[in-house]
Amino acid sequence: MQAATETAAPPGTVMVGDKAYMHDAKGHLVPIEAIKPADKLEDETVRKIIGFALDLSAQIGRFKEHTFADLSSFEALLAQDYGATKGGAKGNKTFLTFDGLMKVSVQVADLIDFGAQLQVAKGLIDECLTEWSADSRTEIRSIISRAFNVDKEGQINRAEIFMLLRLDIEDERWKRAMDAIRDAMRVIGSKTYVRCHQRASQDAPWEAITIDLAKA
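What counts as what
- Residues numbered from 1 in each chain as written.
- Predicted model: local features only at pLDDT ≥ 70, side-chain atom pairs only at ≥ 80, totals over all residues.
- Heavy atoms only, no water.
- Helix = DSSP H or I, 4+ residues; strand = E, 2+ residues; numbered from the N terminus.
- Contact = heavy atoms within 4.5 Å.
- Areas by Shrake-Rupley, 256 points an atom, 1.4 Å probe, with all protein chains shown as cover.
- Pairing = 2+ DSSP bridges.
- Axes fitted to C-alpha atoms, helices over the stretch in contact; angles between N-to-C directions.
- Core = buried A, V, L, I, M, F, W, Y, C linked by side-chain atoms within 4.5 Å.
- Buried < 20%, exposed > 50% of the residue type's maximum accessible area, 1.4 Å probe, protein only.
- Phe/Tyr/Trp six-rings, centres within 6.5 Å; stacked < 30°, edge-to-face > 60°.
- Expected span 1.5 Å × (residues − 1).

*Asks:* What exactly am I supposed to notice about the overall build of the protein here?
*Replies:* If you tally the helices and strands in the protein, you get five helices and seven strands. In the protein, the succession of α and β elements from N to C terminus is β-β-β-α-β-β-α-α-α-α-β-β. Considering only contacts within the protein whose residues lie at least 6 apart along the sequence, 55% involve residues at least 24 apart. Entry remark: accessible area of the protein is about 15300 Å², with carbon and sulfur atoms responsible for 55%.

*Asks:* How should I be thinking about the sheet that holds strand S2 (residues 19-23) in this particular structure?
*Replies:* Backbone hydrogen bonds are what pair the strands of a sheet, in a parallel or an antiparallel way. With antiparallel pairing, three strands are arranged side by side in an open sheet as S1-S2-S3. Each end of this open sheet is capped by a strand with a single partner; those strands are strand S1 (13-16) and strand S3 (29-31). Each adjacent strand pair in this sheet contributes to an overall mean axis angle of 45°, direction not counted. Where S1 lies against S2, four bridges are found, and the strand directions are antiparallel. Residue Val14 lies in a different strand from S2, and its bridge partner there is Tyr21.

*Asks:* Explain the nonpolar core to me, please; I cannot follow it from the model alone.
*Replies:* Across soluble globular proteins, you tend to see nonpolar side chains buried next to one another. Ile125, Ile161, Leu164, Trp174 and Ile181 are the most contacted members of the largest nonpolar core, which has 25 residues in total. Put simply, the parts of the chain that give this core at least two residues each are strand S5 (102-114), helix H2 (117-131), helix H3 (138-148), helix H4 (158-166) and helix H5 (172-184).

*Asks:* Is there a simple way to explain the packing of aromatic side chains in this structure?
*Replies:* What characterises a pair of aromatic rings is the spacing of the ring centres plus the angle enclosed by the ring planes. Counted under the stated rule, the structure contains two aromatic pairs. With a centroid separation of 5.8 Å and 75° between ring planes, the pair formed by Phe74 and Phe95 is classed as edge-to-face. Note that Phe74 is positioned in helix H1 (residues 37-82) and Phe95 in strand S4 (residues 93-96), a separation of 21 residues in sequence. Accessibility expressed as a relative area gives 10% for Phe95, which makes it buried.

*Asks:* How should H1 be read in this particular structure?
*Replies:* Side chains of residues three or four places apart in an α-helix project in the same direction, reflecting 3.6 residues per turn. Here H1 spans 67 Å end to end across 46 residues, near enough to the 68 Å set by a 1.5 Å rise per residue. All of the buried residues in H1 are Gly51, Asp55, Gln59, Thr67, Leu71, Glu75 and Leu78. Contact partners of the buried residues in H1: S4, S5 and strand S6 (185-198).

Any link to function would need more than the numbers given here.
Here it is as structure tokens:
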């Protein structure tokens, strides 16, 4: 994969006759000479960064395609020579260099959604909360509140729902609520992730090779 190079983002100026204009945030054309120098510099800076970002995004897309193609070719050779492929039942696989210092992991994660039984669970949990004293189990109340509050995409908080399942509570209604949550869970698909790691020596901890901009 080549180093990122600057790709020109869409230009910010348009020519109308022999005069240059820029669109403002409302879509209106503004004569370029009427725009403050600081605003023009900010526009140029953002377009420069976006140019690099577009290049990197395209490179990562190509990297992902090449990675799956290379691994698929390797597995095809294994199948041809040994009649077997790597990985477990769910498709999770790990590929290692001969010295054990680099590895590529392929992980398949189920995409989970919840059916109507979740509302039954919420009703049973609400009954428990009503009977528990207001000043008790505050941590559990907080988890429940977060679990059933929708996130920015309008979806329930799955991580907090799974946290509820790990709580050890003997109340019979709570147990029925947890059963309802388990019955509500359904696999609607899967997503495949590729992760790359390296380490300095065979007894050193693995270090992720960061591709995520937020973690770089």
